[in-house]
Amino acid sequence: EAGVVQSPRYKIIEKKQPVAFWCNPISGHNTLYWYLQNLGQGPELLIRYENEEAVDDSQLPKDRFSAERLKGVDSTLKIQPAELGDSAVYLCASSLDRRNEQFFGPGTRLTVL
Amino acid sequence: TQLLEQSPQFLSIQEGENLTVYCNSSSVFSSLQWYRQEPGEGPVLLVTVVTGGEVKKLKRLTFQFGDARKDSSLHITAAQPGDTGLYLCAGLYPLNQGGKLIFGQGTELSVKP
């Protein structure tokens, strides 16, 4: 069974440019998470989806970040415009539901120059 | 504010030595999870402890949940180079407190042959 798929794996952009990350969760997993992981730190939750509904986006900087999970399957996280401080690894995870184990994708490493 | 304090942040030891990683919080969790993350990959769940005082063993790894469910430890016996990686603890808040999973900042372990 395929795990959580993320693309791209690496992205280098200049500041003020837009960028988008894509995540395809494990088939049948209703809950999808986006995390931000800075170097030397643990992941921090940005947003959690239950099917297509964003039920916890309190840590998402809504002035520049947006996310969607149309049809309750794959998801896209967007940053516009990107800032230098956005350089980090963006992890996607999924679980059957919020009570079950989360499975993480490999992440997208973003570098903003 | 770091809600889950993990120590030490870095640990470099020789093959065959023992080590302990600590995870402390002032919050009570419904469960405590330990993950291992390798470079360029997402975290992978090692174990979940649920009951206060619970001890779980995974080969040379021993995990303990504190009696008050606020802290946990990971002990590795006779460390091997293959144990090298980032170890993360994560506390799951009860559902009536949001049910969010929060991570410690991680312990970077290097085991030299």
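Everything numeric in this text was worked out from a predicted model, so none of it was measured. (Residues numbered from 1 in each chain as written. Chains lettered and ligands numbered in written order. Predicted model: local features only at pLDDT ≥ 70, side-chain atom pairs only at ≥ 80, totals over all residues. Heavy atoms only, no water.)

Undergrad: Break down the pairing of strand S8 (residues 75-79) of chain A for me, citing the residues and quoting the values.
TA: Every other side chain in a regular strand lies on the same face of the sheet, so the side chains alternate between the two faces. Residues and elements named next belong to chain A. With 4 of 5 residues buried, S8 lies mostly within the body of the structure. Pairing analysis gives 5 bridges linking strand S3 (residues 19-24) to S8, with the strands arranged antiparallel. Its bridge partner lying in S8, Trp22 is registered against Thr76. Note that strand S7 (residues 65-68) and S8 share 4 bridges and pair antiparallel. (Buried < 20%, exposed > 50% of the residue type's maximum accessible area, 1.4 Å probe, protein only. Helix = DSSP H or I, 4+ residues; strand = E, 2+ residues; numbered from the N terminus. Pairing = 2+ DSSP bridges.)

Undergrad: Before we move on, can you summarise the sheet that holds strand S8 (residues 71-76) of chain B with the specific residues and values?
TA: Residues and elements named next belong to chain B. Strand order in the open sheet formed by 5 strands is S1-S3-S8-S7-S6, and the pairing between neighbours is antiparallel. For this open sheet the edge positions go to strand S1 (5-7) and strand S6 (55-58), each flanked by a neighbour on one side alone. Strand-to-strand twist across the sheet, computed as the mean angle between neighbouring axes with direction ignored, equals 15°. (Axes fitted to C-alpha atoms, helices over the stretch in contact; angles between N-to-C directions.)

Undergrad: Describe the pattern of salt bridges, naming the residues involved and giving the relevant values.
TA: Tallied over the entire structure, the rule returns 9 salt bridges over all chains. One salt bridge connects Lys62 of chain A with Asp57 of chain A, and the closest N-O pair in it is separated by 3.8 Å. Measuring nitrogen to oxygen at the nearest pair gives 3.8 Å for the salt bridge that ties Lys56 of chain B to Glu54 of chain B. On the basis of relative accessibility, which here comes to 19%, the residue Glu54 of chain B falls in the buried class. (Salt bridge = Lys/Arg side-chain N within 4 Å of Asp/Glu carboxyl O.)

Undergrad: Quick rundown of the interface of chain A and chain B? Include the residues and the values.
TA: In this complex, chain A contributes 20 residues to the contact, which on the side of chain B involves 19 residues. Overall, the association of chain A and chain B removes approximately 1400 Å² of surface from exposure, summing both partners, and the carbon and sulfur fraction of that is 50%. Of all residues in chain A, Pro43, Arg98 and Phe104 of chain A give up the largest surface area on contact with chain B, accounting jointly for 31% of the area buried on that side. Our count for the contact surface shared by chain A and chain B stands at 1 salt bridge. Lys100 of chain B is the partner of Asp56 of chain A in a salt bridge, and the nearest nitrogen-oxygen pair spans 3.6 Å. In this assembly, chain A and chain B are joined by 5 residue pairs in polar contact (both at pLDDT 80 or more). Broken down by secondary-structure element, the contributors of at least two residues to the side of chain A that touches chain B are strand S4 (31-37) and strand S5 (44-50) of chain A. Taken together, the residues of the side of chain A that touches chain B sort by class into 6 nonpolar, 8 polar and 6 charged. (Contact = heavy atoms within 4.5 Å. Buried area = accessible area lost by both parts, 1.4 Å probe. Polar contact = N/O pair within 3.5 Å; in protein donor to acceptor, adjacent residues only side chain to side chain. Nonpolar A, V, L, I, M, F, W, Y, C, P; charged D, E, K, R; others polar.)

Undergrad: So, the state of the cysteines: which residues are in play, and what are the values?
TA: Counting across every chain of the model gives 2 disulfides over all chains. Between the sulfur atoms of Cys23 of chain A and its disulfide partner Cys92 of chain A the distance amounts to 1.9 Å. Here the disulfide of Cys23 of chain A and Cys92 of chain A is left-handed, its torsion about the S-S bond being about -70°. Of this pair, Cys23 of chain A sits in strand S3 while Cys92 of chain A sits in strand S9 (residues 88-95), placing them 69 residues apart in sequence. We note that Cys23 of chain A, like Cys92 of chain A, is buried. Across the disulfide, Cys23 of chain B is cross-linked to Cys89 of chain B (sulfur-sulfur distance 2.0 Å). Taking the sign of the S-S torsion, about 75° here, the bridge from Cys23 of chain B to Cys89 of chain B comes out right-handed. (Disulfide = S-S within 2.5 Å.)

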